[in-house]
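Examining the three-dimensional arrangement
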Amino acid sequence: MAEASSIRPQPAASIEQWDFEADVVVAGYGIAGVSASIEAARAGADVLVLERTSGWGGAAALAGGFIYLGGGTPLQQALGFEDSPANMKSFMMAALGPGADEEKITDYCEGSVEHYNWLVDNGVPFKESFYGQPGWETPFDDGLMYSGGENSAPFNTIATPAPRGHVPQMSGKRTGEKGGGFMLMKPLIETAEILGVRAEYDMRVQRLVADGDRVVGIIAKQYGKEVAVRARTGVVLATGSFAYNEAMIQSYAPRLIGRPGAAIEEHDGKAIQMAQALGADLAHMDATEVAFFGDPQLMIRGILVNGRGQRYVNEDTYPGRIGQETLLRNENQAYLIIDEASYEEGCAADSSTPFFRFQPKWVAETVEELESDMGLPEGTLQSTVEVYNRHAARGEDPVLGKKKEWVKPIGSPVAALDLRNFTAGFTLGGLRTSINSEVIHVSGEPIPGLFAAGRCTAGVCAGGYASGTSLGDGSFYGRRAGISAAKG
Ligand SMILES: Cc1cc2nc3c(=O)[nH]c(=O)nc-3n(C[C@H](O)[C@H](O)[C@H](O)COP(=O)(O)OP(=O)(O)OC[C@H]3O[C@@H](n4cnc5c(N)ncnc54)[C@H](O)[C@@H]3O)c2cc1C
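Residues numbered from 1 in each chain as written. Predicted model: local features only at pLDDT ≥ 70, side-chain atom pairs only at ≥ 80, totals over all residues. Heavy atoms only, no water.

A separate point is the sheet that holds strand S4 (residues 67-68). Hydrogen bonds between backbone groups are what pair the strands of a sheet, and the pairing can be parallel or antiparallel. One open sheet accounts for 3 strands, arranged S4-S6-S5; its pairing is antiparallel. Of all strands in the sheet, those with a lone pairing partner are S4 and strand S5 (144-145), marking the two edges. Both S4 and strand S6 (residues 165-166) contribute to a ladder of 2 bridges, which runs antiparallel. By the bridge assignment, Tyr68 is partnered in S6 with Gly165. (Pairing = 2+ DSSP bridges. Helix = DSSP H or I, 4+ residues; strand = E, 2+ residues; numbered from the N terminus.)

Side chains that carry opposite charge are capable of pairing whenever their charged atoms lie near each other. In this structure the tally under the stated criterion is 31 salt bridges. Here Asp268 and Arg52 are joined by a salt bridge, their closest N and O atoms 3.1 Å apart. Of this pair, Asp268 sits in the loop between helix H8 (246-252) and helix H9 (270-276) while Arg52 sits in the loop between strand S3 (47-50) and helix H2 (58-62), placing them 216 residues apart in sequence. Exposure remark for Arg52: the relative accessible area of 28% places this residue in the partly exposed category. Note that Arg357 is salt-bridged to Asp295, the shortest N-O span being 2.9 Å. Of this pair, Arg357 sits in the loop between helix H12 (340-348) and strand S15 (362-364) while Asp295 sits in the loop between strand S12 (288-292) and helix H10 (296-299); the two residues are 62 residues apart in sequence, bridging distant segments of the chain. In the salt-bridge network here, residues are joined through shared partners; they are Glu21, Asp23, Asp46, Arg198, Arg230 and Arg232. (Salt bridge = Lys/Arg side-chain N within 4 Å of Asp/Glu carboxyl O. Buried < 20%, exposed > 50% of the residue type's maximum accessible area, 1.4 Å probe, protein only.)

Quick look at a negative patch on the surface now. Together, Glu340, Glu344, Glu365, Glu368, Glu369, Asp373 and Glu378 line one region of the surface with negative charge. With 3 residues, the single largest contributor to the negative patch is helix H13 (residues 367-374). Take Glu378: it is sitting in the loop between H13 and helix H14 (380-392). Classification of Glu378 by relative accessible area gives exposed; the value is 75%. (Patch = residues over 30% accessible without salt bridge, like charges linked within 9 Å, V, L, I, M, F, W, Y side chains within 5 Å. Areas by Shrake-Rupley, 256 points an atom, 1.4 Å probe, with all protein chains shown as cover. Lys, Arg positive; Asp, Glu negative; His and termini not counted. Charge placed at Lys NZ, Arg CZ, Asp CG, Glu CD.)

Along the polypeptide, Ser147 turns up in the loop between S5 and S6. Those residues within four positions of Ser147 in sequence are excluded, and the remaining contacts are Phe66, Tyr68, Arg164, Gly165, Tyr318, Ala466 and Ser467. (Contact = heavy atoms within 4.5 Å.)

This part is about the pairing of strand S17 (residues 423-427). In terms of burial, S17 is largely enclosed, as 5 of its 5 residues are buried. Of the strand pairs in this sheet, S12 and S17 are connected by 5 bridges, and their pairing is antiparallel. Within S17, the position partnered with Thr288 by the bridge is Thr427.

A few words now on H12. When we look at burial in H12, the residues that qualify are Ser342, Tyr343 and Gly346. Down the axis, H12 shows its buried residues gathered within 105° of arc, on one side only. Exposed residues pointing more than 90 degrees away from the buried face of H12 are listed as Ala341, Glu344 and Ala348. Packing partners of the buried residues in H12 comprise H10, strand S14 (335-339) and strand S16 (414-418). (Arc of directions from axis to C-beta.)

By themselves, these observations are geometric and do not establish any function.
Pasting the structure below:
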């Protein structure tokens, strides 16, 4: 047998004995893996999941739990929000590019209501309650929230705003430890178990087994021993992103060097490399989600400026968009300028992220003093605040389009919060896949027997991001991968 560290596919002819066999073999038991397993089992396949850790869940079980769904889901309708697949597509094409995959987005939007119903039918609970406060996620157990800046500039002029962040009901949340993602994973895992899906834990997938062009199995390592796993009809790769592979981050998404976030260490890019070694094509490897550690309840009440004292983003938008604008286009330099009254009002509001609520670093009576204390070039911050206040006096923000309800002149005393280098994120690029979750070879043809979903693939996001698109496309295209792999 080849060295365990080798990533090259192993010829099937070299396997003397298979240690495990199934029709469909799924690598990774997170959201894409469990969704694939359920659909493969329902299609009549015998399914075996290989999971590297000692339990199911992956990043998905730690997640806040937003699932990006729309087009008129029963939850949207019950809460009085109008949406359609075409409206959802207009938003996603505008917000998730440049380079968003139109075929995938069209397919995803058209299948979104059915996918919501599938989740509910498989036991995922959603509470009929909308959370409308600025925030990363609801601190309560509400089922629906804006999660991508749909109701903010520029998207509120491109598509009719509709909230699409669907959150499984979960009380007693603790961000990053116990969130809606757990209540997504738990019922799906229970469903898979009822359907007879088998799981082998502490099983680290290493490389693919190929018979000519066709993938027929996987080599994995369990308790220090290499094992050969035969897949009679198909292999599904669902092992997550490459956020924790330093060399890949250096090569493809260098803005994230040293700042992986909303991912787990097992997201080491291995599935991408295993498939690349068979000639798989990649897409959007530079695309990243970027979280920003400022409290939306404070940001929305002030103005965000970059290292030159200039505003660069409407503060009422999706905080992940603020993160991308800050890290990718403003050298990770951000300060929040806010007056005392607004700071106190923001601190008194509900917050899903009270730990992102920081003390001001500088406080002054005038903007001129504040600018000088912060070491900004003379006149930069003063002119920014002067222009903002001039329009804000009329309740307008013609520069960046912040909504009227949040536009208010900045008064005195005035403070600055130091939000430089306050970002982290995960990668959105990966294997190029078809809408049937086939892994596409650089020739443009599917690789026989090989399917993939989740963050080891390029999904519906290219440049932009909306919360819920990872659990969303991971579950949606996970299902497709399971159906396709069962057919072989
Ligand atoms: C705190 C937090 C909050 C988040 N909030 C949201 C949110 O609200 N909405 C949203 O859409 N996304 C959110 N995300 C991101 C989302 O959870 C992930 O992007 C998503 O789970 C990716 O799905 P996946 O199936 O590709 O990976 P995962 O769900 O992580 O599953 C991958 C599985 O593969 C296993 N694995 C890895 N390597 C191997 C190997 N070599 N062999 C065998 N198994 C392997 C892993 O251990 C893991 O169990 C959040 C993430 C975190 C951590």
